[in-house]
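Structural overview
Single-letter residue listing:
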Amino acid sequence: MTVTVYLPLLLALVLAWLAPRIAERGGPGPAARVLTAIAAAAAASSTWSLTMLALTMLDDLPPLDALDEHPALELPEPVPGPVALVAGLALLLGGVRLLIDLRRRLGTHRQLRAAGTTEHGLVVADWSAPLAVAVPGRRGRDGHLLVTTGMLRLLDADERRVVIAHEQAHLVHRHHRLVAVTAGAAALNPLLVPVRDTVAYLVERWADEDAATAVNDRDLTAQAVARASLATVGSGPAAALAINGGAALHRVRALTEPAPTPRRRRLIGPALLGAGFLTTVTAATVEFVSLARAWL
């Protein structure tokens, strides 16, 4: 096999390097969507590349191994055995990481849904820990907001409006799906961990901007984000869902500046990178099919 089959793995490194830079361009919404789509393409491409590499181990199994010694046949050499073995192990580890992430995420959802009875789309839990989180719906049902008494005591009335608007934005835009897709991509391909973290940050920025628009006060939003984020960062279910806290300083700083203006031309580069993934995996697949026909 030529270097084509390895290109999706190399392009994942390029995407990981570009992700934080993409986050600084224009509106957080378009950037989050584009990065999620490219991360999904990158994970699928790299997984397929690893699969093709791992499948070359089949030439060492009967009856194909006997053909290697056949005097009338000159079969093309696949990749070295150690490379195929490493690819197979990487596939196995990626699948295990994906299952662990899904189990943890679903378990967190169940824990949050059991926190109390929903009234008008809101659950107020009598917990001392400050927490405000958007809980996704189940089986097509609408989600709801979960706010603890610890969070309500921490904020004044105006800041509570900001937090509620922020979490409502998570539900409206279904941010949990973007976070889940990029988390799954990073589980399959650890090179995409920076992309996962960037999307988690972008959905927070997206919800911040929606909250600022809802209350029509960027300074108040910055104040509420600072207090709520610093109180919840790294704690419990919020951290597990990766849609609360984190990068609080950058979020507050962004809210002290004018609202970002989306510029689609700034996302042309990432879109071309996504097309590059599809092109390389297609070329690698054609090459693999030709090699497989020679084997058979």
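Look up a bit, the structure's there.
The present account deals with the structure reproduced in this document. (Residues numbered from 1 in each chain as written. Predicted model: local features only at pLDDT ≥ 70, side-chain atom pairs only at ≥ 80, totals over all residues. Heavy atoms only, no water.)

This paragraph deals with a nonpolar patch on the surface. Together, Met-57, Leu-85, Leu-89, Leu-92, Val-96 and Ile-100 make up an exposed nonpolar region whose accessible area comes to about 540 Å². Tracing the chain through its elements places Val-96 in helix H4 (residues 81–113). (Patch = residues over 30% accessible without salt bridge, like charges linked within 9 Å, V, L, I, M, F, W, Y side chains within 5 Å. Areas by Shrake-Rupley, 256 points an atom, 1.4 Å probe, with all protein chains shown as cover. Salt bridge = Lys/Arg side-chain N within 4 Å of Asp/Glu carboxyl O. Helix = DSSP H or I, 4+ residues; strand = E, 2+ residues; numbered from the N terminus.)

Geometrically, a packed helix pair is captured by the angle between its two axes and the distance between the axes. Put simply, helix H1 (residues 7–23) and helix H8 (residues 193–215) touch, their axes get as near as 8 Å, and they point 15° apart. When the interaxial angle is binned, H1 and H8 end up roughly parallel. Judged by the sense of rotation from one axis to the other, the crossing of H1 with H8 is left-handed. Between H1 and H8, the residues in contact are Leu-15, Ala-16, Ala-19, Pro-20 and Ala-23 and Pro-194, Val-195, Thr-198 and Leu-202, respectively. Per-class residue counts for the contact of H1 with H8 are eight nonpolar, one polar and no charged. (Axes fitted to C-alpha atoms, helices over the stretch in contact; angles between N-to-C directions. Parallel < 35°, antiparallel > 145°, perpendicular 65-115°, else oblique. Left-handed = near helix turned anticlockwise from the far one by under 90°. Contact = heavy atoms within 4.5 Å. Nonpolar A, V, L, I, M, F, W, Y, C, P; charged D, E, K, R; others polar.)

Using the criterion set out here, one finds nine salt bridges in the structure. The residue Asp-158 makes a salt bridge to Arg-161 at a minimum N-O spacing of 3.7 Å. Of this pair, Asp-158 and Arg-161 both sit in helix H6 (residues 157–172), three residues apart, which is roughly one turn of that helix. Salt-bridge contacts for Glu-159 lead to Arg-227; the nearest nitrogen and oxygen are separated by 3.0 Å. You can see Glu-159 sitting in helix H6 and its partner Arg-227 sitting in helix H9 (residues 218–232), a full 68 residues away along the chain. You can call Arg-227 partly exposed: its relative accessible area is 37%. If you follow the salt bridges from partner to partner, you end up with Asp-101, Arg-104 and Arg-105 in one network. (Buried < 20%, exposed > 50% of the residue type's maximum accessible area, 1.4 Å probe, protein only.)

Before going further, it helps to examine the nonpolar core. Core analysis: the largest hydrophobic core is formed by 21 residues, its most contacted members being Leu-15, Leu-35, Leu-178, Leu-192, Val-195, Val-199 and Leu-202. Those elements giving two or more residues to this core turn out to be H1, helix H2 (28–55), helix H7 (175–188) and H8. Among the elements that line this core, the one with the most residues is H2, at seven residues. Residues within four places of Leu-35 in sequence aside, it is in contact with Leu-15, Ala-19, Ile-22, Val-195, Thr-198, Val-199 and Leu-202. Formed by seven residues, the second largest nonpolar core is a distinct cluster that contains Leu-112, Ala-125, Leu-131 and Val-135. (Core = buried A, V, L, I, M, F, W, Y, C linked by side-chain atoms within 4.5 Å.)

Here we take up the sheet that holds strand E1 (residues 122–125). Strands belonging to one sheet form pairs held by backbone hydrogen bonds; the direction of such a pair is parallel or antiparallel. Read across the open sheet, the three strands follow the order E1-E3-E2; overall the sheet is mixed. At either end of the open sheet lies a strand with only one pairing partner, and these are E1 and strand E2 (132–135). Averaged over all adjacent pairs, the angle separating strand axes in this sheet is 20°, with direction ignored. In this structure, E2 lies alongside strand E3 (residues 144–148), joined through four bridges in antiparallel fashion. Opposite Val-133, over in E3, you have Leu-146 as the bridge partner. Strands in contact with H6 are E1, E2 and E3; relative to E2, the strand with the most contacts, it is inclined by about 25°. (Pairing = 2+ DSSP bridges.)

Let's shift gears to H1. Taking 1.5 Å per residue as the helical rise, H1 with its 17 residues ought to reach 24 Å, and the 24 Å between its terminal C-alpha atoms agrees with that figure. Where H1 bends most, the angle comes to about 30°, and this point is Trp-17, followed within four residues by the proline Pro-20. Residues of H1 that are buried: Pro-8, Leu-11, Ala-12, Leu-15, Ala-16, Ala-19, Ile-22 and Ala-23. (Expected span 1.5 Å × (residues − 1). Bend = angle between axes of the 7 residues up to and from the residue.)

Turning next to the packing of H2 against H8. Contact geometry of H2 with H8 gives a least axis separation of 8 Å together with a crossing angle of 155°. Taken together, the axes of H2 and H8 are roughly antiparallel relative to one another. Remark: the crossing between H2 and H8 carries left-handed chirality. Packed against H2, whose contacting residues are Pro-28, Gly-29, Ala-31, Ala-32, Arg-33, Leu-35, Thr-36 and Ala-39, the element H8 presents Val-195, Thr-198, Val-199, Leu-202, Arg-205, Trp-206 and Glu-209 at the interface. Its residues placed into classes, the contact of H2 with H8 shows nine nonpolar, three polar and three charged.

The values are spatial; any link to function lies outside them.
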